[in-house]
Amino acid sequence: MSAVKNMIFQDIRNENESSKPAIEIRLMALGMLGYFLLMAAGGLWSRDSNMLLFTAPYLLLYSAIFALTYYGQVKTAAYGLNILTVFYIVVSIYYMGWNLGVQHFLFVLILVDFFLPYWSLKMKLFNVVVMCMLRIVLFFYCRFYEPLTEIAAGIIGYYQIVNTVSIFAGISIYGCLISSNFLAMEKKLIETNKKLRHQAGTDPLTQLMNRLRMIEYASEQMMRCDSQKGISVAIGDIDHFKKFNDTYGHECGDAVLKTLAELFQKVMHPYGAVARWGGEEFLFLFSESNGDEAYVILNGLRDEIKSLEVKYGDLRLKVTMTFGLVEIDRARSLDESIREADQLLYDGKENGRDRIVY
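These numbers come from a predicted model, not from an experiment.

**Comments concerning the overall build of the chain**
When you go through the chain residue by residue, the secondary structure sums to 12 helices and seven strands. Its C-alpha radius of gyration of 36 Å places the chain more than 25% over the 21 Å reference for a compact globule of 358 residues. Dimensions along the principal axes, computed over C-alpha positions, put the chain at roughly 105 × 50 × 35 Å. The contacts in the chain between residues at least 6 apart in sequence include a share of 69% that link residues at least 24 apart. Total accessible area on the chain is roughly 20,200 Å²; 59% of this is exposed by carbon and sulfur atoms. Taken together, the 35 basic and 38 acidic charged side chains of the chain have centroids lying 6 Å from each other.

**Regarding the pairing of strand S6 (residues 321-327)**
Along any regular strand, the residues point their side chains to alternate faces of the sheet. Of all seven residues making up S6, six are buried, and the element is well covered by its neighbours. Where strand S1 (residues 232-238) lies against S6, seven bridges are found, and the strand directions are antiparallel. Bridging from a neighbouring strand, Ile 238 pairs with Met 321 of S6. In the sheet, S6 pairs with strand S7 (residues 356-357) via two bridges, with the strands oriented parallel. Bridge pairing links Phe 323 to Ile 356 in S7. After leaving S6, the chain enters helix H12 (residues 334-350) and then returns to the sheet as S7, a path that is left-handed.

**Focus: the nonpolar core**
In this structure, Tyr 35, Tyr 62 and Tyr 88 are the most contacted members of the largest nonpolar core, which totals 48 residues. Elements supplying a minimum of two residues to this core: helix H2 (20-45), helix H3 (49-68), helix H4 (74-96), helix H5 (105-115), helix H6 (121-144) and helix H7 (153-200). Beyond its immediate stretch of four places on either side in the chain, Tyr 88 contacts Tyr 35, Phe 36, Met 39, Phe 54, Tyr 58 and Val 102.

**Observations concerning unusual backbone geometry**
Here the phi dihedral of Arg 47 falls at roughly 55°; this positive angle occurs in a residue that is not glycine. Within the element layout of this structure, Arg 47 appears in the loop between H2 and H3. You can call Arg 47 exposed: its relative accessible area is 78%. One non-glycine residue, His 240, lies in positive phi territory at about 55°. Within the fold, His 240 resides in the loop between S1 and helix H9 (241-248).

**Focus: the side chain of Thr 69**
Relative to the elements of secondary structure, Thr 69 occurs in the loop between H3 and H4. Judged by its relative accessible area of 0%, Thr 69 falls in the buried class. Engagement of the side chain of Thr 69 in a polar contact is seen with the backbone oxygen of Phe 66, the distance being 2.7 Å.

**Considerations on the pattern of salt bridges**
Inspection of the entire model under this criterion finds nine salt bridges. Note that Arg 213 and Glu 216 form a salt bridge whose closest N and O atoms lie 3.5 Å from each other. Remark: Glu 216 and Arg 213 occur in helix H8 (residues 211-224); sequence separation between them is three residues, near one turn of the helix. In this structure, Lys 242 and Asp 246 form a salt bridge, with 2.6 Å as the shortest nitrogen-oxygen distance. Of this pair, Lys 242 and Asp 246 both sit in helix H9, separated by four residues, roughly a single helical turn. Owing to a relative accessible area of 59%, Lys 242 belongs among the exposed residues under this scheme. Connected through salt bridges with shared partners, the residues Asp 237, Asp 239 and Lys 349 form a single ionic network.

**Re the packing of H2 against H4**
It is at 10 Å that the axes of H2 and H4 come closest, and there the two elements cross at 30°. Between H2 and H4, the crossing angle belongs to the class labelled roughly parallel. The two elements H2 and H4 meet at a crossing, and its hand is left-handed. Together, Pro 21, Ala 22, Ile 25, Met 28, Tyr 35, Phe 36 and Met 39 of H2 and Val 74, Ala 77, Ala 78, Leu 81, Thr 85 and Tyr 88 of H4 make up the contact between the two elements.

What counts and what doesn't
- Residues numbered from 1 in each chain as written.
- Predicted model: local features only at pLDDT ≥ 70, side-chain atom pairs only at ≥ 80, totals over all residues.
- Heavy atoms only, no water.
- Helix = DSSP H or I, 4+ residues; strand = E, 2+ residues; numbered from the N terminus.
- Rg over C-alpha atoms; globule rule 2.2 N^0.38 Å.
- Contact = heavy atoms within 4.5 Å.
- Areas by Shrake-Rupley, 256 points an atom, 1.4 Å probe, with all protein chains shown as cover.
- Lys, Arg positive; Asp, Glu negative; His and termini not counted.
- Charge placed at Lys NZ, Arg CZ, Asp CG, Glu CD.
- Buried < 20%, exposed > 50% of the residue type's maximum accessible area, 1.4 Å probe, protein only.
- Pairing = 2+ DSSP bridges.
- Right-handed = clockwise from strand over helix to strand, strands pointing away.
- Core = buried A, V, L, I, M, F, W, Y, C linked by side-chain atoms within 4.5 Å.
- Polar contact = N/O pair within 3.5 Å; in protein donor to acceptor, adjacent residues only side chain to side chain.
- Salt bridge = Lys/Arg side-chain N within 4 Å of Asp/Glu carboxyl O.
- Axes fitted to C-alpha atoms, helices over the stretch in contact; angles between N-to-C directions.
- Parallel < 35°, antiparallel > 145°, perpendicular 65-115°, else oblique.
- Left-handed = near helix turned anticlockwise from the far one by under 90°.

Put into structure tokens, the structure is as follows:
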């Protein structure tokens, strides 16, 4: 079974073409080969030499269609599959009549054609109309003309079962293929949208939220927050950050930002979120902490920052930060609270840095 699976799903030679159409045609061709082998087995059992002669050419032709997919002739195989299947339906009804049930292979062929990429949607719909008309014509033909060959009563039930099972199996297989492709595309689209949303809301250097995403997040948290619980916001600024860029270069400044961002995420994860607000400024949102609780958390973070060493080459750099902290008043807007925190940060810078102004 593993060898058969590998053979069916083997890639095609053309690197610029998907292997899915080839796989679909191989499945259809193999299904028809299995079908004709079962029909031939019925002929052997009933000692009907006509059935054996009738099925032999189709076994060869469907084998050729199967083989074409391995030699860069997938489109040719697709045309051959359609022509041969329609030809078999017409000839079978002409010789053996309507009761065999082969006309239902038209439904399988419609599914196959919708899966293939070689025809436009208009052409596929036109194909459906043609097949519908063909089925109607064949039905009325059988109403007025008798088949050329009479099938023995003892074997007609077997042929009917073979046709019914083969047609239902074909419809199920191609239904599963179409469904799995649709679900795979939908999943890929969802994942792509998530990725784009993440990229749109993430600062590329620090991987923290950016300003836009933080405003959305903060607004969501303010709406969800229980009136009994506080919510606080702080703005922090790296002290003398310009010195790192001017003395050691912008790559050193980037190393400082990334190292601090990792620490911020670790500390803030249980309490809320942090965003890069701009340059060397960061905004901290404490989603379920009043001002006093947020001050304790922020003071612990400030101590960790002071004990932190930023590694840049052979250098070990020390960093401090100044913060402005505000407990958000629900009677005011988020923007007003952020502006107040920013003013407190400015006051802290003016009065010596490395402190929390609350």
